[in-house]
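Read off the chains here:
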Amino acid sequence: MVTHREIIEKTFVFVQQQLLHAEAGHDWFHIERVWNTAKHIAAQETADLLIVELGALLHDIADSKFHNGDETIGPRIAREFLEAQQADEAVITAVENIIRHISFKGSYQDAGYKSIELDIVQDADRLDALGAIGIARAFNYGGFRNRKLYDPAIPPVLYATKEAYKHNEAPTINHFYEKLFLLKDKMNTATGKQMAEDRHRFMEQFVEQFYREWNGTN
C-alpha cells in the first residue's frame, strides 16, 4: 500500500516533468505556490490532506486554455496517473472533481459538486491570481496571447456565460475587472478571505497607478 508521503513525492516529480515547458503563469512554480498555500489553509480546516495536496499538485496538469478548451484532459491524466500509483478510488474521484470544478469560469454555472478539499484548493489557486504574483501572471499570459496591455476604447465586460468568458480576447487591464477584482468575494475559507484582502488592495493600488501613468498625470 503506497503511503501518503510516497504518492505525494511521486506526484511532485510527475507534475514537474509534465509542466517543464509550460507558460510561466501556469508552470511548476504556480503549482508549487498553490500547493504550499493549500497546505497552509488546510491546517486551519478539517479536511483530507492527501486529497488537498493531490488536488493542488494536479489541478493544472492539463489546463484547458492550452488544450483547445478541452476540459476532459486534465481529469483523465490525473486519473491515469493516480491509478498507476494504486491510489484509492475515492481519492481519485475527489481529485478529478477538484480539477473539474476549480476554475473561475466554472462559476458561470451551477458547479454541482462541493467539498472542503475543493474549497481549500480553489482558494489557494485564486490567491495565486491576486496580489503581486497575480499581476505578473496576468500580464505574462496577456503577452503569451499577444493581447494589448490596455485600450480605453474597449471597456471591461462582465460575461454572461462560461463560453463568452473563455473566448474573450480583451486587453489585460480588463481582466482585473472581469475576474481578478471579483475573486476576493468568492473565497471559500476564513483563511482564504483574510489572505485575499491584502492582495486585493495591492492590485487596486497597482491599477490606480497604471491609469495615472497611462494618462501622464503621475
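The rules behind each value
Residues numbered from 1 in each chain as written. Predicted model: local features only at pLDDT ≥ 70, side-chain atom pairs only at ≥ 80, totals over all residues. Heavy atoms only, no water. Phe/Tyr/Trp six-rings, centres within 6.5 Å; stacked < 30°, edge-to-face > 60°. Helix = DSSP H or I, 4+ residues; strand = E, 2+ residues; numbered from the N terminus. Buried < 20%, exposed > 50% of the residue type's maximum accessible area, 1.4 Å probe, protein only. Lys NZ or Arg CZ within 6 Å of the ring centre and 35° of its normal. Expected span 1.5 Å × (residues − 1). Contact = heavy atoms within 4.5 Å. Axes fitted to C-alpha atoms, helices over the stretch in contact; angles between N-to-C directions. Parallel < 35°, antiparallel > 145°, perpendicular 65-115°, else oblique. Left-handed = near helix turned anticlockwise from the far one by under 90°. Nonpolar A, V, L, I, M, F, W, Y, C, P; charged D, E, K, R; others polar.

A. Examining the packing of aromatic side chains more closely. Taken as a whole and assessed by the stated rule, the structure comprises 15 aromatic pairs. Judged by centre distance (6.0 Å) and plane angle (70 degrees), the rings of Phe139 and Phe206 are edge-to-face. In this pair, Phe139 is assigned in helix α7 (residues 131-144) and Phe206 in helix α10 (residues 190-214), connecting sequence segments 67 residues apart. Classification of Phe206 by relative accessible area gives partly exposed; the value is 27%. Of the aromatic side chains, those joined through ring pairs into one cluster are Phe139, Tyr150, Phe176, Tyr177, Phe181, Phe206, Phe210, Tyr211 and Trp214. Just above the ring of Trp35 sits the side chain of Lys39; from NZ or CZ to the centre is 3.9 Å.

B. A look at helix α4 (residues 73-84). The end-to-end C-alpha distance of α4, which contains 12 residues, comes to 17 Å, matching closely the 16 Å that a straight helix rising 1.5 Å per residue would cover. Buried residues along α4 sit in contact with α1 (4-18), α3 (49-58) and α5 (89-101). Positive backbone phi, approximately 60 degrees, marks Gln86, located one or two places after α4.

C. Broad picture of unusual backbone geometry. Positive phi outside glycine occurs at Gln86, with the angle close to 60 degrees. Checked against the element boundaries, Gln86 lands in the loop between α4 and α5. Positive phi is not limited to glycine here, since Asn146 has a value of about 55 degrees. Relative to the assigned elements, Asn146 resides in the loop between α7 and α8 (162-166). A relative accessible area of 70% means that Asn146 is categorised as exposed.

D. Just the packing of helix α2 (residues 28-42) against α10, in detail. Running from amino to carboxyl end, α2 crosses α10 at an angle of 125 degrees, the nearest separation of the two axes being 9 Å. Considering their axes alone, α2 and α10 lie oblique with respect to each other. For the crossing formed where α2 meets α10, the hand is right-handed. Judged by residue contacts, Thr37, His40 and Ile41 of α2 engage Thr191, Gly192 and Met195 from α10. Of the residues in the contact of α2 with α10, the class split is two nonpolar, four polar and no charged.

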